[in-house]
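Architecture and fold: a report
So you can see what is in the structure, the chains are spelled out below.
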Amino acid sequence: HPSNDTQAVKLTGEEVAKHNNDKSCWVIIHGRAYDVTEFLPEHPGGAKVILKYAGKDGTEEYAPIHPPDTLDKYLDKSKHLGEVDMNTVEKEDKEHDPDEIERQERIKRMPILEQCYNLMDFEAVARRVMKKTAWAYYSSGADDEITLRENHSAFHKIWFRPRILQDVEQIDLSTTMLGTKVSIPFYVTATALGKLGNPEGEVVLTRGAKKHNVIQMIPTLASCSFDEIVDERSGDQVQWLQLYVNKDRAITKRIIEHAEKRGCKGLFITVDAPQLGRREKDMRSKFSDVGSNVQNTGGDNVDRSQGAARAISSFIDPSLSWKDIPWFLSVTKMPIILKGVQRVEDVIKAIDVGCHGVVLSNHGGRQLDFARSGVEVLAEVMPELRRLGLQDKIEVYIDGGVRRATDIIKALCLGATGVGIGRPFLYAMSAYGLPGVDRAMQLLKDEMEMNMRLIGCNSIDQLSPEFVDTRGLSMHTTGVPSDTLGLTVYDPLVGPQEKAK
Ligand SMILES: Cc1cc2c(cc1C)[n+](S(=O)(=O)[O-])c1c(=O)[nH]c(=O)nc-1n2C[C@H](O)[C@H](O)[C@H](O)COP(=O)(O)O
């Protein structure tokens with residue numbers, strides 16, 4: 001900021017602290033002060049969450065929610081007040097926060113990475129070591145979280161019909177997704193606000209995806225900026241873009257064109273979130289944290305009682321409809337995939353309008369509660385596409401509740417091209433950083449190789465409906481052996497120190 005780069009003297013914490021109310025509100029972000037007084041009523045997250053940091057350093061709360069270039073993009077330069085001498089800024093007293101002290105204790109006692117043997121182990125550890133608001137945001141589903149639990153337990157209603165005496169010495173897990181050859185048929189799906197769980201955010205997933213040659217889907221609502229995530233990519237690594245469509249189509253067009261220019265190989269338009277779902281764990285933790293405006297007296301139309309998600313998504317266009325799809329096909333050459341399709345009629349419509357793929361998904365149970373699991377919709381879709389001779393007209397993916405390689409194999413036997421995985425990699429990243437993501441992906445690869453052998457298949461192209469029995473899939477009341485791993489995050493792993501107790 002030219003006016004400030006020549007700034008001789010840095011602002012002091014004392015000077016900033018004088019501007020600590022809605023008449024004059026300065027906030028420090030990443031060592032620089034900003035006058036956000038006039039912005040207060042416009043903030044999608046409400047004025048309260050900013051006023052909590054008026055006259056103080058708000059970086060810790062700000063960073064996970066806002067990509068680094070947000071202030072440069074949206075706050076007039078005249079409000080950029082320049083650098084602050086951070087030695088003069090009072091630090092928030094974390095030492096005496098009982099929750100934080102207890103959390104740090106749990107971090108000291110957490111299991112070592114090698115004690116994690118499956119994706120649910122990462123969830124068990126993350127639940128204990130993550131900040132309350134971060135865990136709430138990642139783990140929450142909509143309403144009663146029935147669909148959240150159904151997503152994983154649906155796989156427990158599908159049984160295998162393995163064949164024997166096949167030479168399964170050689171196993172090849174590679175496949176092709178939207179023209180890209182990948183080492184294993186899963187991708188890292190788009191999940192918002194990566195910095196809530198790990199200070200580096202989504203770039204950690206980029207590094208893990210690179211190492212295992214899997215595709216990363218970049219979220220519109222990432223904590224990192226889009227360019228940071230793309231810059232982190234290396235070699236011929238492939239990324240896709242997940243798009244929440246903005247009411248202002250000029251903004252959406254710019255995002256799509258930029259993504260194409262930066263080499264994204266797929267545009268996944270999220271179609272199951274015209275309004276973000278009601279995630280009560282997220283709301284509850286946000287309520288205790290920033291006193292969100294449950295009784296919103298501001299008179300404006302952003303319902304801020306919905307926690308972080310709703311606050312950052314007020315731009316999403318609820319009027320998006322089939323008539324808009326030709327426009328998307330006209331503004332990009334990237335393959336277009338509809339993410340969040342939930343019945344076969346819409347898959348056929350997607351083929352009719354020229355889409356290249358669909359993701360059968362309910363947004364990880366975070367949108368419409370009592371939506372069916374992706375795998376159950378898949379079992380409805382594929383036989384119908386085959387009956388109509390359309391199965392080669394579109395690539396069909398699923399996501400939701402995938403926690404074991406057997407879940408992946410079941411989906412591929414039913415006809416999916418690949419599966420998206422969300423929370424497990426978030427939990428692995430939040431608890432153990434890149435080593436966690438790396439191990440989670442490796443565990444899936446090892447499980448995949450073993451289970452391909454056990455069902456008697458060498459390669460992905462051999463997988464077909466003959467290997468699965470789905471008769472119980474659509475009966476939601478079917479009792480299945482209680483799913484100790486899935487339904488509840490089972491007793492947290494005991495770290496070496498705790499065992500000593
Ligand atoms: C866990 C999670 C999922 C989110 C997600 C954030 C989190 C923390 N967010 S959300 O804030 O808006 O809900 C997105 C998102 O940005 N865009 C999107 O298309 N899907 C979003 N999803 C859904 C995601 O892409 C998959 O559909 C879902 O995660 C698959 O289920 P599992 O987590 O069980 O693998």
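Everything that follows concerns the structure shown earlier in this document.
Here's a quick rundown of the structure. (Residues numbered from 1 in each chain as written. Predicted model: local features only at pLDDT ≥ 70, side-chain atom pairs only at ≥ 80, totals over all residues. Heavy atoms only, no water.)

A word on the pattern of salt bridges
Operational definition: Put simply, a salt bridge is a Lys or Arg side-chain nitrogen that is within 4 Å of an Asp or Glu carboxyl oxygen. We count a stretch as a helix when DSSP gives it H or I for four or more residues in a row; a strand needs E for two or more, and each element gets its number in order from the N terminus.
Evaluated as defined, the whole model comprises 27 salt bridges. Between Arg249 and Asp324 there is a salt bridge, and its shortest N-O distance comes to 3.5 Å. Highlighted residues: Arg249 in helix H12 (residues 249-261) and Asp324 in the loop between helix H14 (307-311) and helix H15 (325-331), separated in sequence by 75 residues. Through salt bridges with shared partners, a single ionic network connects Arg249, Asp317, Lys323 and Asp324.

Re the pairing of strand S1 (residues 26-29)
What counts, and what does not: Exposed residues in this analysis have more than 50% of their type's maximum accessible area, buried residues have under 20%, and partly exposed residues fall in between, with area computed by a 1.4 Å probe over protein chains only. Here, any two strands with at least 2 DSSP bridges between them count as paired.
Residues Trp26 and Ile28 line one face of S1 and the alternating positions Val27 and Ile29 line the opposite face, and both faces are buried. Bridge count between S1 and strand S2 (residues 32-35): 4 bridges; the pairing is antiparallel. Residue pairing for S2: Ile29 is matched across the bridge by Arg32. The hairpin formed by S1 and S2 contains 2 residues between the paired strands, and His30 there has a positive phi angle of roughly 50°.

So, unusual backbone geometry
One non-glycine residue, Asp143, adopts positive backbone phi at about 50°. Relative to the helices and strands, Asp143 resides in the loop between helix H8 (132-139) and helix H9 (146-153). Judged by relative accessible area, which is 38%, Asp143 ranks as partly exposed.

Examining helix H16 (residues 344-352)
Put simply, the rule reads: To be clear, the arc concerns the directions from the helix axis to the C-beta atoms.
Regarding H16, the residues found buried are Val344, Val347, Ala350 and Ile351. End-on, the buried residues of H16 take up no more than an arc of 110°, which puts them together on one face.

Considerations on helix H7 (residues 119-129)
What counts here: Here a residue-residue contact requires only that any non-hydrogen atoms of the pair lie within 4.5 Å.
Most of H7 sits inside the fold, with 9 of its 11 residues counted as buried. Within H7 the residues assigned to the buried category are Leu119, Met120, Asp121, Phe122, Glu123, Ala124, Val125, Ala126 and Val129. Looking at the buried positions of H7, the neighbouring elements they touch are helix H6 (98-108), H8 and helix H19 (423-455).

Section: the packing of aromatic side chains
Under the convention used in this document: Stacked, tilted and edge-to-face are the three classes applied to pairs of Phe, Tyr and Trp rings, where Trp contributes its six-membered ring and a pair requires centres within 6.5 Å; stacked means planes under 30 degrees apart, edge-to-face means over 60, and tilted covers the rest. Lysine NZ or arginine CZ positioned within 6 Å of the ring centre and within 35 degrees of the ring normal marks a charge as sitting over the ring.
One pass over the full model with this rule turns up 10 aromatic pairs. Geometrically, the ring pair formed by Tyr187 and Tyr397 is edge-to-face, given 5.8 Å between the ring centres and 80° between the ring planes. Of this pair, Tyr187 sits in strand S7 (residues 186-188) while Tyr397 is found in strand S13 (residues 395-399), placing the two residues 210 residues apart along the sequence. For Tyr187, a relative accessible area of 0% gives the class buried. Between Trp240 and Phe268, the aromatic rings sit 4.5 Å apart at their centres with planes inclined by 25°, giving stacked as the arrangement. Here Phe268 lies in strand S10 (residues 267-270) and Trp240 lies in strand S9 (residues 239-243), a separation of 28 residues in the sequence. Trp240 sits in the buried class, given a relative accessible area of 0%. The buried category is assigned to Phe268, whose relative accessible area is 0%. Members of the aromatic cluster, each reached through a chain of ring pairs, are Tyr187, Trp240, Phe268 and Tyr397. One residue, Arg366, lies across the ring of Tyr137, its end atom 4.9 Å from the ring centre. The ring of Phe160 carries the charged tip of Lys410 above its face, separated from the ring centre by 5.5 Å.

Geometric descriptors of this kind do not, in isolation, establish any biological role.
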